[in-house]
Amino acid sequence: MSAIGVLSSALRMDFLRYRRSAALLYVALATPIAAHFMVPVTESAYSVLLVNGAAPVLTPAVLGFELGMITATVLTPMAYIFLRAGPTRRRPWQVTDTLAHSRVAMTLGQWAADSAALWLLLVGLTLAGAILMFLRAGAQVLSLVPDFASMAACLWLTAGPAMALTAAVRTLLAALPFTRGWGGDVAFFFYWMFSLALPVVLVATSGAIATPSPLLDPFGMIYPVVKAVDVPVIDLTIGGGPPTAEVIAFDALAGTLSVAFIASRVAWLGLAASVALVAGLLAAPQRVRAGTDAPASPGPISTQQIAYAPACAATLIPVHLLSSHWRLLLRPTWYAAALIAVALGGWVLPYREVVGPTLLLLTIFPISAAAARWEGGDLPPFLDTTLVAAQGGRISFLLAALLLGGVLQLPALLSAVATGSARLLPHMAGIAIGVAVFSLLGAVLTRGAVAARLLLLIAWYAYFASA
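Here goes a summary of the coordinates provided. This structure is a prediction, so every number in the text was calculated from the model and none was measured. (Residues numbered from 1 in each chain as written. Predicted model: local features only at pLDDT ≥ 70, side-chain atom pairs only at ≥ 80, totals over all residues. Heavy atoms only, no water.)

Considerations on the overall build of the protein chain
Here is step 1: Along its length, the protein chain carries 19 helices and 4 strands.
Here is step 2: When burial is assessed residue by residue, the protein chain has 46% of its 467 residues classed as buried.
Here is step 3: Expressed as a percentage of contacts within the protein chain between residues at least 6 apart in sequence, the contacts between residues at least 24 apart total 80%.
Here is step 4: For the protein chain, the exposed surface amounts to about 21700 Å²; the carbon and sulfur share of it is 72%. (Helix = DSSP H or I, 4+ residues; strand = E, 2+ residues; numbered from the N terminus. Buried < 20%, exposed > 50% of the residue type's maximum accessible area, 1.4 Å probe, protein only. Contact = heavy atoms within 4.5 Å. Areas by Shrake-Rupley, 256 points an atom, 1.4 Å probe, with all protein chains shown as cover.)

Quick notes on helix H15 (residues 351–373)
Here is step 1: With 23 residues, H15 extends 31 Å between its outermost C-alpha atoms, agreeing within 8% with the 33 Å of an ideal straight helix rising 1.5 Å per residue.
Here is step 2: Taken as a whole, H15 carries its principal kink of about 35° at Ile364; the proline Pro366 stands between one and four residues after it.
Here is step 3: Of all 23 residues that make up H15, 17 are buried, and the element is covered over most of its length. (Expected span 1.5 Å × (residues − 1). Bend = angle between axes of the 7 residues up to and from the residue.)

Notes on the packing of H15 against helix H19 (residues 450–465)
Here is step 1: Between H15 and H19, the shortest axis-to-axis distance is 10 Å and the interhelical angle comes to 175°. Between H15 and H19, the angle falls in the class roughly antiparallel. Residues Tyr351, Arg352, Gly356, Pro357, Leu360, Leu361, Ile364, Phe365 and Ser368 of H15 lie in contact with H19, whose contacting residues are Arg453, Leu456, Leu457, Trp460, Tyr463 and Phe464.
Here is step 2: The class makeup of the residues in the contact of H15 with H19 is 11 nonpolar, 2 polar and 2 charged. (Axes fitted to C-alpha atoms, helices over the stretch in contact; angles between N-to-C directions. Parallel < 35°, antiparallel > 145°, perpendicular 65-115°, else oblique. Nonpolar A, V, L, I, M, F, W, Y, C, P; charged D, E, K, R; others polar.)

Here we look at the packing of aromatic side chains
Aromatic ring pairs are defined here through the distance separating the ring centres and the angle between the ring planes.
Here is step 1: For the structure on display, the rule yields 10 aromatic pairs.
Here is step 2: Taking 6.1 Å as the distance between ring centres and 0° as the angle between the ring planes, the aromatic pair formed by Tyr223 and Phe261 counts as stacked. Placement of Tyr223 in helix H9 (residues 223–228) and of Phe261 in helix H11 (residues 259–282) is noted, with a sequence separation of 38 residues between them. With respect to burial, Tyr223 and Phe261 carry one shared label: buried.
Here is step 3: Lying over the aromatic face of Tyr463, Arg352 brings its terminal NZ or CZ to 3.9 Å of the ring centre. (Phe/Tyr/Trp six-rings, centres within 6.5 Å; stacked < 30°, edge-to-face > 60°. Lys NZ or Arg CZ within 6 Å of the ring centre and 35° of its normal.)

So, the packing of helix H6 (residues 103–135) against helix H7 (residues 144–175)
Here is step 1: Relative to each other, H6 and H7 sit at 150°, their axes nearing to 8 Å. The orientation of H6 with respect to H7, classified from their angle, is roughly antiparallel. For the pair H6 and H7, the crossing hand works out as right-handed.
Here is step 2: Of the residues in the contact of H6 with H7, the class split is 20 nonpolar, 6 polar and 3 charged. (Left-handed = near helix turned anticlockwise from the far one by under 90°.)

Focus: the pattern of salt bridges
A side chain with one charge can pair with a side chain of the opposite charge if their charged atoms come near.
Here is step 1: Under the defined criterion, the tally for this structure stands at 3 salt bridges.
Here is step 2: One salt bridge in this structure joins Arg453 and Asp185, with 2.5 Å as the shortest N-O distance. Within this pair, whereas Arg453 is found in helix H19, its partner Asp185 is found in helix H8 (residues 182–203), the two being separated by 268 residues in sequence.
Here is step 3: Salt bridges sharing partners connect three or more residues here, namely Arg84, Asp185 and Arg453. (Salt bridge = Lys/Arg side-chain N within 4 Å of Asp/Glu carboxyl O.)

Let's talk about empty space enclosed by the protein
Here is step 1: Considering all chains together, one arrives at 1 cavity of 30 Å³ or more under this definition.
Here is step 2: Taken as a whole, the largest cavity spans an internal volume of roughly 50 Å³.
Here is step 3: The wall of the largest cavity is formed by Leu359, Thr363, Ile367, Gly405, Leu408, Gln409, Ile431, Ala432 and Val435.
Here is step 4: At the level of secondary structure, the elements contributing two or more residues to the lining of the largest cavity comprise H15, helix H17 (390–419) and helix H18 (425–446).
Here is step 5: Here the residues of the lining of the largest cavity are counted per class, giving 6 nonpolar, 3 polar and no charged. (1 Å grid on protein atoms, 1.4 Å probe; cavity = no way out; pocket = protein on both sides within 12 Å on 5 of 7 lines; lining within 4 Å. Points joined across faces, edges and corners; volume = space filled by probe spheres on them.)

Brief notes about a nonpolar patch on the surface
Here is step 1: Among the surface-exposed residues, Trp347, Val348, Leu349, Val354, Leu410, Leu413, Leu414, Val417 and Leu425 lie close enough to one another that they form a single nonpolar patch of about 810 Å² accessible area.
Here is step 2: A total of 4 residues in the nonpolar patch trace back to one element, the largest contributor, which is H17.
Here is step 3: Looking at where Val417 falls in the secondary structure, it is placed in helix H17. (Patch = residues over 30% accessible without salt bridge, like charges linked within 9 Å, V, L, I, M, F, W, Y side chains within 5 Å.)

Concerning the layout of surface pockets
Here is step 1: Computed from the structure, the second largest pocket encloses a volume of approximately 910 Å³.
Here is step 2: Lining the second largest pocket are 31 residues, and of these Ala23, Val27, Met78, Ile81 and Phe82 sit closest to its centre.
Here is step 3: For the lining of the second largest pocket, the secondary structure elements donating two or more residues are helix H2 (22–38), helix H4 (76–84), H6, H18 and H19.
Here is step 4: The residue inventory of the lining of the second largest pocket, partitioned by class, reads 23 nonpolar, 6 polar and 2 charged.

Focus on the side chain of Ser264
Here is step 1: Take Ser264: it is sitting in helix H11.
Here is step 2: Each residue touching Ser264, except ones within four places of it in the same chain, is listed here: Pro214 and Leu215.

Details of H7
Turn by turn, an α-helix covers 3.6 residues, leaving residues three or four places apart pointing in a common direction.
Here is step 1: Between its first and last C-alpha, H7 extends 45 Å over 32 residues, near the 46 Å set by a 1.5 Å rise per residue.
Here is step 2: Considering bend angle alone, the principal kink of H7 is centred on Trp156 and spans about 30°.

Thoughts on the environment of Trp326
Here is step 1: If you trace the backbone, Trp326 turns up in helix H13 (residues 319–329).
Here is step 2: Separated by 78 residues in sequence, Trp326 and Leu404 place their C-alpha atoms 7.7 Å apart.
Here is step 3: The contact partners of Trp326, leaving out residues within four places of it in the chain, are Ala400, Leu403, Leu404 and Val407.

So, in structure tokens, the structure goes:
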């Protein structure tokens, strides 16, 4: 098959899997709800964009820019989770990795399918924006076409290349053996933080914010803002700002439709394709390895287990599953030693600044992976055919994870009781309970560890930075 045929086949096959999956429908139905909160009304308790402490006057173009900016910045991790935990998270690599075809073409086709799926969500967001521009931006029926065109242009020029770049990064991480598991989630987290910080660091000055190069603004969040106002930008708040009654004139089209910005978005789209091409060149054959997110085999069933099954079936929490989860959470040995060392440090080291964030970071990976181990593939239906149902495995995992969190918090808890630092008790309970519960919920809902792991990493960074 020619390279064009391989690319077309990979694109068609993956996109068909997206179309047939209920996940795309659920996320598409959620986009109008998300749009409702991405463009707050005047009485809202938050703002998504503040320039010099004032909110832009809401017009259709500003509405589209706000939708695109929040999608490109805040919702990029959600897009990555959708791709990693979506219908194409498992591919028939046993066949595709052994066929004599162009791996570059296949990778480009998979990236194009991922990008098309994310762009379908942008279509839903555009339709929601068409309704919101009448309800909140004062659009008129007589000016429907120009208002809709300006709203859609600002949304797509900002978010379209960012979504394609997210798909390309996911493709690259899936191509490398050491980033197919939790290492890829960590790498994406740092990519996301770097992309947010890059234009901010480059334009940071003691006075007004300088006009950045749009080629150094992958999410398109700084350049259009600086070009949209007639006054020097002294202070800029994007996402989660405080409410304000002050407004400022904001020409969203001046920045997003400028030749420099359009050229930069085309360049970022080309860079995304280049990243996918490099992923095809670097792609290594996939192999099942211990410790990955692939569903673990239940292993051989011994006669002792069969004899024990009727006894434990009568109980909601099988004891042997609880001990098995505990052993899996403490693998490998060096990882368990690191957890114990940090936990013992809670007796003497400051909890809020050192011990708490470290324990939170170290427990994210084993607990999220263990939670997903019982949810992947056909394992839950298989367990439902045995005398020990999958529900018992989930409950036993939750108890094991809560027990691990409680034991790790014990030295810090004793120190807090001895010193009278009761204010730290909610932090300890939040880490011990939150990681276990959130990991289990993420695994049940997405059948994998990616969603819980990435969201917990973001929560860890917020917790660490706020110390």
